[in-house]
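Read off the chains here:
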Amino acid sequence: MTALLQPTPAAAPAPVPEAAPADRHSRTGSAAPAATAAATPAAAATRRPVEGSVHSWDLSTGVDGPGTRFVTFLAGCPLTCLYCHNPDTWRMRSGRRTAADNVIGEARKYTRFIAAAGGGATVSGGEPLLQPVFAGELLHRFRHELGLHTALDTSGFLGVRATDALLRDVDLVLLDIKSWDRETYKKVTGRPLRPTLDFAHRLAGLGKETHIRFVLVPGLTDDPANIEGVAAFAASLGIVSRVDVLPFHKLGEAKWQALGMPFSLRDTPSPTPEQTVMAKDIFTAHGLKAV
């Protein structure tokens, strides 16, 4: 059921690469890219072969979108989050070159079970938009070929690579907003916040249902003003149907150690139940459903 791969030791991911030739798309000015995200048009009867770097796939319940879901984890991520529990997905070379046909074939085995459980398929990572054509192909085929509800799990940092065609095949976006304070966001991820906010505004313009995911880290993201900023922004979008407040944990620390990378949050505690309730209350005060 799961195709887990052995991580490749690395100190830190390389800078965000340009899309590979098969992933290139044209853009005009600052507008969203207009090329189709899937490798072949929606009406095509025969699919063109497409490959991508896949870290693993699995079935999950309740954490990667509604219901039981077939989740494909793509390899490669431009962020270096301090609390990442899957640092082995940071580099594309840590994945295995896999055909979209193989992923769809694996998911097909579970479609009846997934449908009965009110679930669907999620494309996650790493960062799936590092491989936009491959991610788009999977989303398109999950939705149109297998008839599954689709979700895209993303930081939004590479949102400009998501074409309108790709987003048409997405029923739900799981958008991570790590922090509202810009300096904290840069400290947590190594990247600026602005691309994520721009992507969120674009999703709002498209009316795309979105779940916000916010990791609560004591001493880092738990300042009430920081949470207030995320909550106010999320409420302003008009598309956020749920906020997942995710308490920080250290379950991925062993992976950092295995990769020979220092885990800087090793002495950071998980938030108390009271701290978690406080954070949820801030989101709820803005009219948002926080879980």
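Here the structure is a predicted model, which means the values were calculated and not measured.

Visitor: For this particular structure, what's the right way to read the nonpolar core?
Guide: The nonpolar side chains of soluble globular proteins are, as a tendency, buried together. One finds Phe70, Leu138, Phe142 and Phe283 to be the most contacted residues of the largest nonpolar core, which totals 75 residues. Those residues within four positions of Leu138 in sequence are excluded, and the remaining contacts are Thr72, Leu74, Ala100, Val103, Ile104 and Val123.

Visitor: What am I meant to see in unusual backbone geometry here?
Guide: The bulk of non-glycine residues show a negative phi, and the bulk of peptide bonds are trans. Following Gly125, the chain continues to Gly126 via a peptide bond in cis, the omega torsion being 15°. Position of Gly126 among the secondary structure elements: in the loop between β4 (120–124) and α3 (132–144).

Visitor: Where do I start with the packing of aromatic side chains in this structure?
Guide: We describe a pair of aromatic rings using the distance from one ring centre to the other and the angle between the two ring planes. Under the defined criterion, the tally for this structure stands at six aromatic pairs. Measuring from centroid to centroid gives 5.4 Å for Trp180 and Phe233, while their planes differ by 35°, and the two rings are tilted. Of this pair, Trp180 sits in the loop between β6 (172–176) and α5 (182–189) while Phe233 sits in helix α7 (residues 224–237), and the two are 53 residues apart along the sequence. Its relative accessible area of 25% is what places Trp180 among the partly exposed residues. Three or more aromatic residues joined by ring pairs make a cluster, and in this case those are Phe70, Tyr110 and Phe142. Its guanidinium or amino end placed over the ring of Trp180, Arg182 lies 4.7 Å from that ring's centre, counting from NZ or CZ.

Visitor: Which parts of the structure should I look at to understand the pairing of strand β1 (residues 51–61)?
Guide: Working note: regular strand, side chains alternate between the two faces of the sheet. Most of β1 sits out of view: eight of its eleven residues are buried. Where β1 and strand β3 (residues 96–99) come together, four bridges link them in antiparallel fashion. Residue Ser53 lies in a different strand from β3, and its bridge partner there is Arg97. With seven bridges joining them, β1 and strand β2 (residues 68–74) adopt antiparallel strand pairing. Each bridged residue has a counterpart across the sheet, and for Ser60 the counterpart in β2 is Arg69.

Visitor: For this particular structure, what's the right way to read α7?
Guide: An α-helical segment advances 3.6 residues per turn. Residues three or four places apart therefore align on the same side. Along its 14 residues, α7 runs 20 Å from first to last C-alpha, staying within 8% of the 20 Å computed at 1.5 Å per residue. Along α7, the positions that sit buried rather than exposed are Asn226, Ile227, Gly229, Val230, Ala231, Phe233, Ala234 and Leu237. Against α6 (194–206), β7 (210–216), β8 (240–247) and α9 (273–285) lie the buried residues of α7. The N-terminus of α7 is capped by Asp223, whose side-chain oxygen sits 2.8 Å from the backbone nitrogen of Ala225.

Visitor: Even after reading the chapter, I still don't get the pattern of salt bridges, so can you show me in this structure?
Guide: Any two side chains of opposite charge can pair if their charged atoms end up close together. Evaluation of the coordinates by the stated rule reveals twelve salt bridges. Among the ionic pairs, Glu145 bridges to Arg108, the shortest N-O distance being 2.7 Å. You can see Glu145 sitting in the loop between α3 and β5 (149–154) and its partner Arg108 sitting in helix α1 (residues 100–108), a full 37 residues away along the chain. Given a relative accessible area of 35%, Glu145 falls into the partly exposed group. Of the charged contacts, one joins Asp244 and Arg242 as a salt bridge, the two residues approaching to 2.8 Å between their closest N and O atoms. Residue classification places Asp244 among the buried positions, given a relative accessible area of 9%. Overall, Arg242 belongs to the partly exposed group, its relative accessible area being 26%. Each of the salt bridges in this network shares a partner with another, and the network as a whole consists of Asp101, Arg108, Arg141 and Glu145.

Calculation rules
Residues numbered from 1 in each chain as written. Predicted model: local features only at pLDDT ≥ 70, side-chain atom pairs only at ≥ 80, totals over all residues. Heavy atoms only, no water. Core = buried A, V, L, I, M, F, W, Y, C linked by side-chain atoms within 4.5 Å. Buried < 20%, exposed > 50% of the residue type's maximum accessible area, 1.4 Å probe, protein only. Contact = heavy atoms within 4.5 Å. Helix = DSSP H or I, 4+ residues; strand = E, 2+ residues; numbered from the N terminus. Phe/Tyr/Trp six-rings, centres within 6.5 Å; stacked < 30°, edge-to-face > 60°. Lys NZ or Arg CZ within 6 Å of the ring centre and 35° of its normal. Pairing = 2+ DSSP bridges. Expected span 1.5 Å × (residues − 1). Polar contact = N/O pair within 3.5 Å; in protein donor to acceptor, adjacent residues only side chain to side chain. Salt bridge = Lys/Arg side-chain N within 4 Å of Asp/Glu carboxyl O.

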